[in-house]
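# Coordinates in review
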Amino acid sequence: MDRNKTSVIVLFLLAGFFFIAIAMVFNTSVRRNAALAKKGAVEEKIASLNPLDLTIYWIGNVPEELESLKPKMKILKPEEVNGENMPIKFTTFRITYKETEKSSEKVIEPRDYSEYMLIVINTSEGFTDESKEVLRNCIVDNGVPVLCIGGKACDMVGTILIHGAGYPSDYSMLYKLKEGYDEPFLNAKAVAAGGIDLAEELAEKLSTYFNDAVAKKITEASERVSSAFSSVDEAATAGTTASESAPDGSAESSVSPETTPRGLLVPSGW
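This write-up is about the structure you can find in this document. (Residues numbered from 1 in each chain as written. Predicted model: local features only at pLDDT ≥ 70, side-chain atom pairs only at ≥ 80, totals over all residues. Heavy atoms only, no water.)

## Considerations on the pattern of salt bridges
- Under the criterion given, the structure shown has seven salt bridges.
- Across the salt bridge formed by Glu-115 and Lys-217, the nearest N and O atoms sit 3.2 Å from each other. Residue Glu-115 is located in the loop between strand E4 (106–108) and strand E5 (116–121), and its partner Lys-217 is located in helix H5 (residues 195–242); the two are separated by 102 residues in the primary sequence.
- A relative accessible area of 44% means that Glu-115 is categorised as partly exposed.
- Residues joined in a network through salt bridges with shared partners are Glu-133, Arg-136 and Asp-141. (Salt bridge = Lys/Arg side-chain N within 4 Å of Asp/Glu carboxyl O. Helix = DSSP H or I, 4+ residues; strand = E, 2+ residues; numbered from the N terminus. Buried < 20%, exposed > 50% of the residue type's maximum accessible area, 1.4 Å probe, protein only.)

Okay, structure coming up:
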């Protein structure tokens, strides 16, 4: 009798272990599938940026989950930031000059920046006063949007832009000249979690931001073309009105008698 009870208990224990193992395998599979789904979403959003003439100046460490975005990136360490490798405001003309009459000619060539640009900063360590001035030039003088990820990065850029400091560690903000601040730009939980969660949130936001920028540029170009055609139509209409024929078939002049070639009419007594 005791042996039977022992066998039943052993069977129940084995069954329990079996169901626990099944649950663990299922849970692992669910997590794996969720991770693959997030990775797929990241890759899809990054792929939507591939056709754009885009350069992202990334200052700091790049999450490994954004590996496929690196072809669009120029990755820099804070101490590497200078006027030669950042999109500062620069001449749009070729300039030739001499420092002295006897010195040889020097040439300053215009720089060819990408149509769309973004500075991303996720660190605050290692910046010098000179590199901070370069950042200010890019953001304020040249109008390049900047995205700060993390409280310390927000503090540093906020100080440069005289926007304030004291942000929490999971904070983020986007700033663009004439458009102002978008803050917090990223979900705080995603910033705090990092990894695939941050990559998914960032890829989604960047895809939306730049595709909206493209749509806005197309709309503005369309409006300019429409305005140009409207101006041409108005000029043509005005010309047609001025040269309308009189009822007898002769051209009716739109010029008033006071301005005929015979001269201005002068009031009597002058």
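So, next bit.
## Some thoughts on the layout of surface pockets
- Taken as a whole, the largest pocket spans an internal volume of roughly 490 Å³.
- Taken together, 20 residues form the lining of the largest pocket, with Tyr-116, Lys-176, Glu-179, Ala-213 and Lys-217 sitting closest to its centre.
- Secondary-structure elements contributing two or more residues to the lining of the largest pocket are E5 and H5.
- Ranked by residue count, the leading element in the lining of the largest pocket is H5, at seven residues. (1 Å grid on protein atoms, 1.4 Å probe; cavity = no way out; pocket = protein on both sides within 12 Å on 5 of 7 lines; lining within 4 Å. Points joined across faces, edges and corners; volume = space filled by probe spheres on them.)

## Some points on the packing of aromatic side chains
- By the definition in use, this model includes four aromatic pairs.
- Seen from their ring centres, Tyr-175 and Tyr-181 are 4.5 Å apart, and the 40° between their planes marks the pair as tilted.
- Owing to a relative accessible area of 13%, Tyr-175 belongs among the buried residues under this scheme.
- Overall, Tyr-181 belongs to the partly exposed group, its relative accessible area being 29%.
- Arranged with centres 5.2 Å apart and planes meeting at 85°, the rings of Tyr-209 and Phe-210 form a pair that is edge-to-face. Each member of the pair, Tyr-209 together with Phe-210, is buried.
- Through a chain of ring-to-ring contacts, three or more aromatic side chains come together here, namely Tyr-116, Tyr-209 and Phe-210.
- When the ring centre of Phe-185 is taken as reference, the NZ or CZ atom of Lys-205 above it lies at 5.1 Å.
- The ring centre of Tyr-116 lies 4.7 Å from the NZ or CZ of Lys-217, which sits over that ring. (Phe/Tyr/Trp six-rings, centres within 6.5 Å; stacked < 30°, edge-to-face > 60°. Lys NZ or Arg CZ within 6 Å of the ring centre and 35° of its normal.)

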